[in-house]
Amino acid sequence: MLFLRLVFLVLLLCWVTPAWGMIGDTDGTFGVDGSARMLLLGARGMPNAGQGAHDALTQGNFRFLLGGKPTDWFDFEINAVMSTTVATAGLSRSMRTRGGWIRNRTVDTRWEWIDEELSESDIYSMGFIDRANLKIKHELLDITIGRQAISFGTGFFWNPLDVFRPFGATQFDRDYKGGVDALRVDIPVGDFSGLTLVGVAGRDVKEASWLRSSVLLRGYTTFHGWDLTAQGGKIFGGYQLGGAIAGDVHGVSVLSELSWYQPDSQDISPAYGMGVVGVGYRFLSGLYLGMEYLYNGLVMTRELEGFRENSSHQLFEALNQSGRLMHISGNLLGSLAQYEFIPILSGSFVVLYSLSDKSLLVQPGLSLSISDESDLVVGGMIPYGNSEEITEFGSLP
């Protein structure tokens, strides 16, 4: 049977997230907080691991937050992270940090140690500054300087307008977002309208680079209950123009995001468009159902034609290695179901489907609140598809 021939991956993700106040109060004048997270992961069929081989990983993450609000017009935060991982060789190499950590970060604050001599397993540790910024507030504008989290977008799975370290469609944990080195100016224009100007310093391997930097202007307002957004400017590699709309129709949430990317003359990427439409509804029982459709214009361009049949397609490999190839399918569907069984136990069920190659990814998950500051999360990732060809999910391990 075809099903028995498919190579699939099963992930068991379990982590406990206790947090504690160490000194003072970060919501007051000054404070130091901490949190710890443990990740246990098991996988089958990792690349180059052999038929039916199993891999495992254990990772501990320790985060320290130093911050405060000394006055009503000034606040600051510094987040430092220390991570230690023990894993079998195949899984460890696939999880290691690559160039994405320094994209949109002028200063490389990473420290990493890897034991390359172990053939059966790897041990490595990493430390880095994930956020470090200060914010100056005035009645006319707010200015935030430094490494900060910036989130633009309206969707759950896909956000074409969120160009600064967006979450992936398959990402389980979305409670925290890392920062980018930026200057952000927020100017309110009325109660529900405003302008945001963001300048982000990008870098090449060794130095700051204009090609990889961003200067983006974003405007937003609310009109008859609908949230409207428009943004445009220089982003990583080129220029973007886009907009979004989100609202409610008889209790059904509706959203749409569209963007067009025009590459700089030095960029390797072709010009392309992206679009997302989505709907969602929350029943009186608390059950939430949502669905989104993504049009991924990058892989539909003439320049990437035939990449599925050509395993050494140079442009495809270059875009993939630089982290700019979000998906290899031009058309995808994402569906989400969430339900709170009891106040301390909630569940989710995600299905991602590629209309382009008919592959599928199923992600069930459960979250249990152990205490006020601790959660236990268990989930899985189960792909289906033709593993002998280049497909969105079937070629996953």
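Structure: above.
In what follows, the accompanying structure is described. (Residues numbered from 1 in each chain as written. Predicted model: local features only at pLDDT ≥ 70, side-chain atom pairs only at ≥ 80, totals over all residues. Heavy atoms only, no water.)

A closer look at the overall build of the chain
In step 1: Each helix and strand counted, the chain has three helices and 21 strands in total.
In step 2: Taken across its 397 residues, the chain has 42% of its residues classed as buried.
In step 3: Sequence separation of at least 24 residues holds for 53% of the intrachain contacts in the chain that already meet a minimum separation of 6.
In step 4: Surface accessibility of the chain: about 20,800 Å² in total, with carbon and sulfur atoms responsible for 61%. (Helix = DSSP H or I, 4+ residues; strand = E, 2+ residues; numbered from the N terminus. Buried < 20%, exposed > 50% of the residue type's maximum accessible area, 1.4 Å probe, protein only. Contact = heavy atoms within 4.5 Å. Areas by Shrake-Rupley, 256 points an atom, 1.4 Å probe, with all protein chains shown as cover.)

Some words on the packing of aromatic side chains
In step 1: Counted according to the given criterion, the structure contains eight aromatic pairs.
In step 2: Residues W73 and F74 carry aromatic rings whose centres are separated by 6.0 Å and whose planes lie at 55° to one another, so their mutual orientation is tilted.
In step 3: We classify W73 as partly exposed; its relative accessible area is 46%.
In step 4: Judged by centre distance (5.3 Å) and plane angle (35°), the ring pair of Y261 and Y272 falls under tilted. Separated by eleven residues along the polypeptide, Y261 in strand β14 (residues 252-263) and Y272 in strand β15 (residues 272-282) bring together distant segments of the chain.
In step 5: Judged by its relative accessible area of 16%, Y272 falls in the buried class.
In step 6: Each member of the aromatic cluster is reached from another via a ring pair, and the members are W73, F74 and F76.
In step 7: Positioned over the ring face of Y176 is R63, at 3.8 Å from the centre of the ring.
In step 8: Sitting above the plane of the W210 ring, K234 keeps its charged end 5.1 Å from the centroid. (Phe/Tyr/Trp six-rings, centres within 6.5 Å; stacked < 30°, edge-to-face > 60°. Lys NZ or Arg CZ within 6 Å of the ring centre and 35° of its normal.)

Quick notes on the pattern of salt bridges
In step 1: If you walk through the whole model with that rule in mind, you get eight salt bridges.
In step 2: A salt bridge links D181 to R147, with the shortest nitrogen-to-oxygen separation between them at 2.7 Å. With D181 in strand β9 (residues 180-188) and R147 in strand β8 (residues 142-148), the pair connects residues that are 34 residues apart, well separated along the chain. Each member of the pair, D181 together with R147, is buried.
In step 3: Salt-bridge contacts for K177 lead to D162; the nearest nitrogen and oxygen are separated by 3.0 Å. (Salt bridge = Lys/Arg side-chain N within 4 Å of Asp/Glu carboxyl O.)

Examining a nonpolar patch on the surface
In step 1: The grouping of M22, I23, F30, F62, F64, M82, W111 and W113 at the surface amounts to a nonpolar patch, some 790 Å² of accessible area in total.
In step 2: Breaking the nonpolar patch down by element, the ones donating at least two residues are β2 (19-24), β4 (54-71) and β6 (111-114). (Patch = residues over 30% accessible without salt bridge, like charges linked within 9 Å, V, L, I, M, F, W, Y side chains within 5 Å.)

Things to note about the pairing of strand β11 (residues 214-223)
Successive side chains on a regular strand alternate, one facing one side of the sheet and the next facing the other.
In step 1: Pairing of strand β10 (residues 194-200) with β11, which is carried by seven bridges, proceeds in the antiparallel orientation. Directly across from V198, in β11, lies its bridge partner L216.
In step 2: What sits between β11 and strand β12 (residues 226-235) in their antiparallel hairpin is a turn of two residues, with H224 showing a positive phi close to 50°. (Pairing = 2+ DSSP bridges.)

Things to note about the side chain of Q231
In step 1: Looking at where Q231 falls in the secondary structure, it is placed in strand β12.
In step 2: Taking relative accessible area as the criterion, Q231 reaches 2% and is therefore assigned buried.
In step 3: At 3.0 Å, the side chain of Q231 forms a polar contact with the backbone oxygen of L161.
In step 4: Once you skip the residues sitting within four places of it in the chain, Q231 turns out to touch F152, L161, L216, L217, R218, Q240, L241 and G242. (Polar contact = N/O pair within 3.5 Å; in protein donor to acceptor, adjacent residues only side chain to side chain.)

Focus on the nonpolar core
For soluble globular proteins, nonpolar side chains are generally found buried alongside one another.
In step 1: Among the nonpolar cores identified, the biggest contains 37 residues, and I150, W158, F164, L304, L325 and L352 are the most heavily contacted of them.
In step 2: The contact partners of L325, leaving out residues within four places of it in the chain, are L298, V299, L304, F316, L319 and N320.
In step 3: If you look at the next biggest cluster of nonpolar residues, it comprises five residues, including L39, L41, L57 and A87. (Core = buried A, V, L, I, M, F, W, Y, C linked by side-chain atoms within 4.5 Å.)

Structural notes on unusual backbone geometry
In step 1: With phi around 55°, R165 is a residue other than glycine that occupies positive phi space.
In step 2: Within the secondary structure layout, R165 lies in the loop between β8 and β9.
In step 3: For H250, which is not a glycine, the phi torsion comes out positive at approximately 55°.
In step 4: With respect to the secondary-structure elements, H250 resides in the loop between β13 (238-249) and β14.
In step 5: We classify H250 as exposed; its relative accessible area is 79%.

A few points about helix α3 (residues 314-321)
In step 1: Those residues of α3 not exposed but buried are L315, F316 and L319. Along the axis of α3, the buried residues cluster in a sector spanning 100°; they form a single face. Residues of α3 that are exposed and point over 90 degrees away from its buried face: Q314 and Q321.
In step 2: G323 sits one or two residues past α3 and shows a positive phi near 75°. (Arc of directions from axis to C-beta.)

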